[in-house]
Amino acid sequence: MKVNEAWNAGYTGSGIKIAILDDGLQTDHTDLDANVDTVNGYDYQSTDNDPTPDVADDSHGTQVAGLIAAEKDNNECTVGIAYESTIIGVRILGTQGLTDSEEAQALNHHLSGVDIYSNSWGPPDGYGFSEPGTITKDAFLNGVTSGRDGKGVIYTWASGNGETLDNCNGDGYTNSIYTIGVTSVEEGKNAWYSEVCAAALAATYGGSSDYRYLTSTTTSSGCTSDGIQGTSYSTPIASGIIALALHANSALTWRDIQHMIVLTSSRNGFNDSYASWGKNGAGKEYSQVLGFGLMDAEAMVTQAANWTTVPTQKTCTTSTFTGSGSTSGENYKTDIRNISTTDCSSVAYLEHVTVDISFSYSGYRGESEFYLVSPSGTLSHLMHHRDGKSDYFGTSSGSLSLKFMSVHYWWESPIGQWTLMFKSSFGLTVVTVSSWSITFYGTSIDPLPNIDQCISSPCENHGTCTNNAYSFSCQCPDGYSGSNCQTIITDDDGISTSIVVAAVVGGTVAVIVIGVIVIVVAKCFSAGATVCTAGVAVA
């Protein structure tokens, strides 16, 4: 992830404040205390100014914190990605549920003094659809409009550990346009616990029981590598990289950061174990699991130093289309709609695309699958077969109106034919779409008219870089191959070994909406755990 190169360029996260919303923070940890803001921390469980966990085993937030801001050169546990940043503990997870209002307060906590809100929690893996309450949604909007003197705060979010049998579009926090969904890689591919996720922008190393756990701070001033894996740990690494970029240029807006992540992240030799990588209409490679690929700290700070603020965000919502009917067996049903410049004159370069779908199912809700194809032919898996949900809801029939989000169309044009494809996995249910509509977010003019990706040297091992507007290509020297010239060719038969750099993700959280109450229960263990201390089963 080229973090060391970003450090060598002089960027440490100095002056950047990061709020860690989790199960608490040991503020006097000997590897963190120099970087902790003890004045502005808060505990929304106990409603006091001390975010220290009530229970020693509530170590998740302290583990997350170490990956961001553990001190450098003190002979302690580890070193954080942004080792001179300031962290603020905000305890939201514990035995008590939070109301929609309390959750909103936490996401705007000390808004005048926070740059990044790092969130390593979310709905339970495997089944269900959960989304923020109305007040919390307003808090997101307030954060990106009022935070950082109008430039907008950055919300990073763990995309979940439900493996590729789960889909993050069931998570209304990750699929918000105001959050940066972060997923995980392990050696050579997406991490074993990573979900299919059209909303995930990029990935970092998240630790893996198959290869190597991460190492971080833990409660009682400890240090641990025990089970440190999951998107919970990829997220603070992403937060740290973003802090380095903000150190390089504090004028960056929340949308600048998202554009920069799309621009500088790349496949970098990682395979998608669920589906093949694709290339969108703007020439950017994307994955159904890994978004636009592995984050690159060196490229982020290099681009940040000379960045021009992207144009104002524009939106365009289509009329509501009538669905074409019901599925039969395992066959796809398709709805095709043509979008003209008359329909959408305000957006020429896409960022996020959301699709509101009202549908019903005769049973096995988790067998309902939805795919969206853009005029450029870019295919995004909005929702695929989810085993956990099918098992959980059994054969009950029902109907839903849901919003799905994809980032895969970044920088494409919305004009032309959009195709909604839907089906019943294995033909176990009948899916009927009654109506759907699309909302396009983006800009009316080119957001990056003079960008040169080659200034951040994406080609490794002395490869020659060619700038291609929103993408780049590498001419590799003899003995190397791959999109970044990162693969060493070891023999005449083309057998090769990928050179992969490691980086971090852990427990998540159950969020269950009951009326206006949001019950938040910490998933206290790492990816692959079975039960947390509160007795909640986890995926």
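The structure we're discussing is the one just above.
The structure reproduced in this document is the subject of the present report. The shown structure was predicted, so the numbers you read here are calculated from the model rather than taken from an experiment.

Details of the packing of aromatic side chains
Thinking step 1. Taken as a whole and judged by the stated rule, the model has 18 aromatic pairs.
Thinking step 2. On the basis of an interplanar angle of 45° and a centroid distance of 5.2 Å, the ring pair of Trp418 and Phe440 is categorised as tilted. In this pair, Trp418 sits in strand β21 (residues 416-424) while Phe440 sits in strand β22 (residues 431-443), placing the two residues 22 residues apart along the sequence. Each member of the pair, Trp418 as well as Phe440, is classed as buried.
Thinking step 3. Each residue in the set Tyr117, Trp121, Phe140, Tyr155, Trp157 and Tyr173 is aromatic and connected to the rest through ring pairs, giving one cluster.
Thinking step 4. Here the basic side chain of Arg386 rests over the ring of Phe129, its NZ or CZ set 5.4 Å away from the ring centre.
Thinking step 5. Residue placement shows Lys423 over the ring face of Tyr332; its charged tip is 5.0 Å from the ring centre.

Concerning the state of the cysteines
Thinking step 1. Considering all chains together, one arrives at 5 disulfides under this definition.
Thinking step 2. At a sulfur-sulfur separation of 2.0 Å, the disulfide partner of Cys454 is Cys465. Disulfide Cys454-Cys465: the torsion about the S-S bond is -75°, which places it as left-handed. Here Cys454, found in the loop between β22 and β23 (464-468), pairs with Cys465, found in strand β23; they are 11 residues apart in sequence, far enough to count as distant.
Thinking step 3. What makes Cys465 partly exposed here is its relative accessible area of 22%.

A short note on helix α4 (residues 134-146)
Spacing of three or four residues puts side chains on the same side of an α-helix, whose turn is 3.6 residues.
Thinking step 1. The end-to-end C-alpha distance of α4, which contains 13 residues, comes to 18 Å, matching closely the 18 Å that a straight helix rising 1.5 Å per residue would cover.
Thinking step 2. Taken together, the buried positions of α4 are Thr136, Ala139, Phe140, Gly143 and Val144. End-on view of α4: buried residues confined to an arc of 120°, all on one side of the axis.
Thinking step 3. Against the buried residues of α4 lie α3 (100-107), β6 (154-158), β7 (179-186) and α6 (254-264).

Points about the sheet that holds strand β18 (residues 368-373)
Thinking step 1. An order of β16-β21-β18-β19 is seen for the 4 strands of this open sheet, with the pairing classed as antiparallel. Lying at the two open borders of the sheet, with one neighbouring strand each, are β16 (333-339) and β19 (379-383). Averaged over all neighbouring strand pairs, the angle between strand axes comes to 20°, with direction disregarded.
Thinking step 2. Looking at chain direction, β18 and β19 are connected through 4 bridges and run antiparallel. What sits directly across from Phe370, in β19, is Met383.

Observations regarding the pairing of β7
Thinking step 1. Where burial is concerned, most of β7 is hidden: 8 out of the 8 residues are buried.
Thinking step 2. Residue alternation in β7 divides its side chains into two sets, Thr179, Gly181, Thr183 and Val185 and Ile180, Val182, Ser184 and Glu186, and both sets are buried.
Thinking step 3. Pairing of β7 with strand β8 (residues 189-190), which is carried by 2 bridges, proceeds in the antiparallel orientation. Across the sheet, Glu186 pairs through a bridge with Lys189, a residue of β8.
Thinking step 4. With antiparallel pairing between neighbouring strands as the criterion, β7 and β8 make up a hairpin whose turn holds 2 residues, including Gly188 at a positive phi of roughly 80°.

Focus on unusual backbone geometry
Thinking step 1. Positive phi is not limited to glycine here, since Ser220 has a value of about 60°.
Thinking step 2. Tracing the backbone shows Ser220 in the loop between β10 (216-218) and β11 (222-224).
Thinking step 3. A relative accessible area of 62% places Ser220 in the exposed class.
Thinking step 4. If you check the backbone angles, Trp411 has positive phi at about 75° while not being a glycine.
Thinking step 5. Along the chain, Trp411 falls in the loop between β20 (398-406) and β21.

Examining the packing of helix α2 (residues 60-69) against helix α5 (residues 231-248)
Thinking step 1. Interaxial distance between α2 and α5 falls to 8 Å at its minimum, and their mutual angle equals 35°. Our pair here, α2 against α5, has a crossing hand that is right-handed. Of the residues in α5, those touching α2 at His60, Gln63, Val64, Leu67 and Ile68 are Ser232, Tyr233, Pro236, Ile237 and Ser239.
Thinking step 2. For the contact of α2 with α5, the per-class residue count stands at 6 nonpolar, 4 polar and no charged.

Definitions and limits used
- The residue numbers shown here count from 1 along each chain, following its written sequence.
- Since the coordinates come from a predicted model, pLDDT governs what is reported: local features require at least 70, and pairs of side-chain atoms require 80 or more to be given and counted, while whole-chain, interface and lining totals use all residues.
- Side-chain metrics rest on all non-hydrogen atoms present in the structure, leaving aside hydrogens and water.
- Aromatic rings from Phe, Tyr and Trp, taking only the six-membered ring of Trp, are treated as a pair when their centres fall within 6.5 Å; an angle between ring planes under 30 degrees marks them as stacked, one over 60 as edge-to-face, and anything in between as tilted.
- Only DSSP runs of H or I reaching four residues or more are called helices, and only runs of E reaching two or more are called strands; each is numbered from the N terminus.
- When a residue's accessible area, from a 1.4 Å probe over protein chains only, is under 20% of the maximum for its type it is buried; when over 50% it is exposed; and in between it is partly exposed.
- When the NZ atom of lysine or the CZ atom of arginine is within 6 Å of a ring's centre and also within 35 degrees of its normal, the charge is said to sit over that ring.
- Disulfides are defined as cysteine sulfur pairs within 2.5 Å.
- In a helix, the anticipated span is given by 1.5 Å times the number of residues less one.
- Directions pointing from the helix axis toward each C-beta atom define the arc.
- The criterion used for residue contact is that any of the two residues' heavy atoms lie within 4.5 Å.
- The pairing criterion is simple: DSSP has to find at least two bridges between the two strands.
- To obtain an axis, a line is fitted to C-alpha atoms, over the contacting stretch when the element is a helix, and the angle between two such axes runs from 0 to 180 degrees between their N-to-C directions.
- Note on convention: the crossing is left-handed when the near helix lies turned anticlockwise from the far helix by less than a right angle, right-handed when the turn is clockwise.
- Each residue receives one of three labels: charged for Asp, Glu, Lys and Arg, nonpolar for Ala, Val, Leu, Ile, Met, Phe, Trp, Tyr, Cys and Pro, and polar for the others, Gly being one of them.

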